[in-house]
Amino acid sequence: MIAACLLATGCSAGLAGSAADAAPPVIAATPTAPASGYDGLTGLPLSAYGTSEQEDVLLYRTNQALVARCMKSRGYAGYTGREKTQAAAKTKKEIEAIHPAGAWGYIGNGTAKRIGFHVSVPVPVSQSPTGQELKDYNVCWKKAEKQVPSLAGTQGWKRTQDLFGQSLQQVAADSRVGAARERWSSCMNEAGYPADEPEKLANGFRDTKKATAKEIAAATADESCTRSSHLAAVYFAVLTGYQQQLISANAKVLTGYKRQVEARVERAAHLLTASPAT
C-alpha cells in the first residue's frame, strides 16, 4: 500500500522526472480537512498508483492459499495456513485510530479521548513451523511468490516511492504548511502543552503501555488545535497539489506501473479462486 510510505523511513526523495521547478500548487482559500488521517493518506493522488488495502488483503489471502496448497501436496494434509489475519479496517472508530497525529497533526476527537496517541494494533500470535516443516514451508512460500511476483524494485515502484518522498519534502518546506504549523504550536502552548511538531508530541507519550490522563488531555488539545489552525486541511491540500504536479511530470512511468499493479491483482484473484490442480 503506497500511502504507508508516508510513515516509513525508507521513502526516498529522488529527483528523477521531478517537478521541482514548478510553482507551488494553488489550493482553496479554505481547504477541507479529511475525515481522518487514514482518509487523508489513502486519498492522496499517488496512492492510486499502488494497491488499496482491500487489494493487499487479496494478495495476502492468495499467498496463504498457494502456500497451503503446496504444503498439502508435500504431505501436510492438515495444513491450513499460518494463523494470522489481515483485514482492512471497517468501523469509523478503527479508521480514526490509524496513524493519528502524523506530520499533519490530525487526530480524531473520539480517539483522543479514548486512547490518546496510543494506537492499539493487536499482533496475531502464530505458531511457526520448525524442522522439516519449516524447510517445506520456505519452498512453498518461494513458489507462491513466483506465481504472483512482487513489483518492489521495478522502475515504476522506485519512481512512485521517490515521488512520494519528494512530495513530502515539498510540503514540509511549503510556507503555507509552515504557517499552519506555527498556528498549531501557538495554540498548543496556550493550552499548556508546548510543542513544535505534532509527531514529536505524540511520540513523547508512547513509552507507556496505555494512555495516561496527561496524554488524553494533550491529545484532546491536539485535536482542538489541529481544527482551529487548519493544519490537517492545509497539509493535505498542499500535498495533494504537489503530488498532482509530480504525476503530470511522470505520467508515462506511473501509468505503466499502474497497469502492472492491476495485472498482478487480477492474477492473484484468479489464482485464489482456481482449483489446486489449475
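Treat the numbers as computed from the prediction; the structure is a model and nothing was measured. (Residues numbered from 1 in each chain as written. Predicted model: local features only at pLDDT ≥ 70, side-chain atom pairs only at ≥ 80, totals over all residues. Heavy atoms only, no water.)

K.L.:
Honestly, the overall build of the chain in this entry has me stumped. Any pointers?
P.N.:
Within the chain, the regular secondary structure consists of eleven helices and zero strands. Counting only residues that meet the buried cut, the chain has 45% of its 278 residues in that class. Contacts in the chain between residues at least 24 apart in sequence constitute 85% of all its contacts with a sequence separation of at least 6. Of the roughly 14900 Å² of accessible surface on the chain, a fraction of 54% belongs to carbon and sulfur atoms. (Helix = DSSP H or I, 4+ residues; strand = E, 2+ residues; numbered from the N terminus. Buried < 20%, exposed > 50% of the residue type's maximum accessible area, 1.4 Å probe, protein only. Contact = heavy atoms within 4.5 Å. Areas by Shrake-Rupley, 256 points an atom, 1.4 Å probe, with all protein chains shown as cover.)

K.L.:
Before we go on, may I ask you to explain the packing of aromatic side chains in this structure?
P.N.:
What describes a pair of aromatic rings is the distance from one ring centre to the other and the angle between the planes of the rings. Summed over all chains, the structure comprises four aromatic pairs. Here the aromatic rings of tryptophan 104 and tyrosine 235 are separated by 6.1 Å at their centres, their planes lie at 55 degrees, and the arrangement is tilted. Placement of the pair is tryptophan 104 in the loop between helix 3 (92-96) and helix 4 (109-115) and tyrosine 235 in helix 10 (residues 231-249), with a sequence separation of 131 residues. No difference in accessibility class separates tryptophan 104 from tyrosine 235, as the two residues are buried. What links up through ring pairs into an aromatic cluster is the set Trp104, Tyr235 and Phe236. One Lys or Arg, lysine 258, reaches over the ring of tyrosine 49 and ends 5.4 Å from the middle of that ring. (Phe/Tyr/Trp six-rings, centres within 6.5 Å; stacked < 30°, edge-to-face > 60°. Lys NZ or Arg CZ within 6 Å of the ring centre and 35° of its normal.)

K.L.:
Looking at this structure, I do not really get the packing of helix 6 (residues 155-173) against helix 11 (residues 251-273). What am I missing?
P.N.:
The relative placement of two packed helices comes down to the angle between their axes together with the axis-to-axis distance. In the contact formed by helix 6 and helix 11, the axes pass within 9 Å of each other and the chain directions differ by 120 degrees. On the basis of the axis angle, helix 6 is oblique to helix 11. With respect to the hand of their crossing, helix 6 and helix 11 are arranged in left-handed fashion. On the side of helix 6, the interface is formed by Gln155, Gly156, Trp157, Arg159, Thr160 and Leu163, while helix 11 contributes Val253, Leu254 and Tyr257. (Axes fitted to C-alpha atoms, helices over the stretch in contact; angles between N-to-C directions. Parallel < 35°, antiparallel > 145°, perpendicular 65-115°, else oblique. Left-handed = near helix turned anticlockwise from the far one by under 90°.)

K.L.:
Please explain the environment of alanine 68 as it appears in this structure.
P.N.:
Structurally, the position occupied by alanine 68 is in helix 2 (residues 53-73). For the pair formed by alanine 68 and glycine 81, sequence separation is 13 residues and the distance between their alpha carbons is 5.6 Å.

K.L.:
What exactly am I supposed to notice about the nonpolar core here?
P.N.:
One recurring pattern in soluble globular proteins: nonpolar side chains tend to sit buried together. By size, the foremost hydrophobic cluster in this structure holds 38 residues, and its most contacted members are Leu46, Phe117, Trp184, Leu201 and Tyr235. Residue assignment for this core shows that the elements contributing at least two residues are helix 6, helix 7 (175-191), helix 8 (198-203), helix 9 (213-229) and helix 10. Here this core takes ten residues from helix 10, the largest share from any one element. If we skip the residues at most four places from it in the chain, tyrosine 235 touches Ala103, Trp104, Leu168, Val171, Val177 and Arg181. Grouped together as the second largest cluster of nonpolar side chains are 13 residues, Leu66, Met71, Cys140 and Ala268 included. (Core = buried A, V, L, I, M, F, W, Y, C linked by side-chain atoms within 4.5 Å.)

K.L.:
It is not clear to me how the pattern of salt bridges should be interpreted in this structure. Could you clarify?
P.N.:
Between side chains of opposite charge, a pair can form when the charged atoms approach closely. Evaluation of the coordinates by the stated rule reveals three salt bridges. The salt bridge involving aspartate 136 is made with arginine 74; its shortest N-O contact spans 3.1 Å. Pair noted here: aspartate 136 is in helix 5 (residues 131-147) and arginine 74 is in the loop between helix 2 and helix 3, with a separation of 62 residues, a long-range link. Here aspartate 174 and arginine 176 are joined by a salt bridge, their closest N and O atoms 2.9 Å apart. The class of aspartate 174 is buried, set by a relative accessible area of 5%. (Salt bridge = Lys/Arg side-chain N within 4 Å of Asp/Glu carboxyl O.)

K.L.:
Which parts of the structure should I look at to understand the environment of cysteine 225?
P.N.:
Within the secondary structure, cysteine 225 is located in helix 9. Here cysteine 225 falls in the buried class, since its relative accessible area comes to 2%. Separated by 40 residues in sequence, cysteine 225 and serine 185 place their C-alpha atoms 8.2 Å apart. Setting aside chain neighbours within four positions, we find cysteine 225 in contact with Trp184, Cys187 and Met188.

K.L.:
Hey, could you run me through unusual backbone geometry in this one?
P.N.:
Most peptide bonds adopt trans geometry, and most residues besides glycine take a negative phi value. Despite not being glycine, histidine 230 has its phi angle at roughly 60 degrees, a positive value. Relative to the helices and strands, histidine 230 resides in the loop between helix 9 and helix 10. Of the residues examined, histidine 230 reaches a relative accessible area of 45% and is grouped as partly exposed.

K.L.:
Please explain the confidence of the model for the chain as it appears in this structure.
P.N.:
The predicted coordinates should not be examined in detail at positions where pLDDT is low. Counting all residues, the mean pLDDT for the chain is 87, and 85% of those residues have values of 70 or more. Taken together, the stretch residues 5-16 has pLDDT below 50 and engages in 28 contacts with residues farther than four places along the chain or on a different chain. (pLDDT = per-residue confidence, 0-100.)

K.L.:
Explain the state of the cysteines to me, please; I cannot follow it from the model alone.
P.N.:
One way to say it: the disulfide is the covalent bond shared by the sulfur atoms of two cysteines. Under the counting rule described, the total for this entry stands at two disulfides. Across the disulfide, cysteine 187 is cross-linked to cysteine 225 (sulfur-sulfur distance 2.1 Å). Here cysteine 187 and cysteine 225 share a disulfide; its torsion about the S-S bond, -75 degrees, makes the bridge left-handed. One end of the pair, cysteine 187, is in helix 7; the other, cysteine 225, is in helix 9, with 38 residues separating them in the sequence. (Disulfide = S-S within 2.5 Å.)

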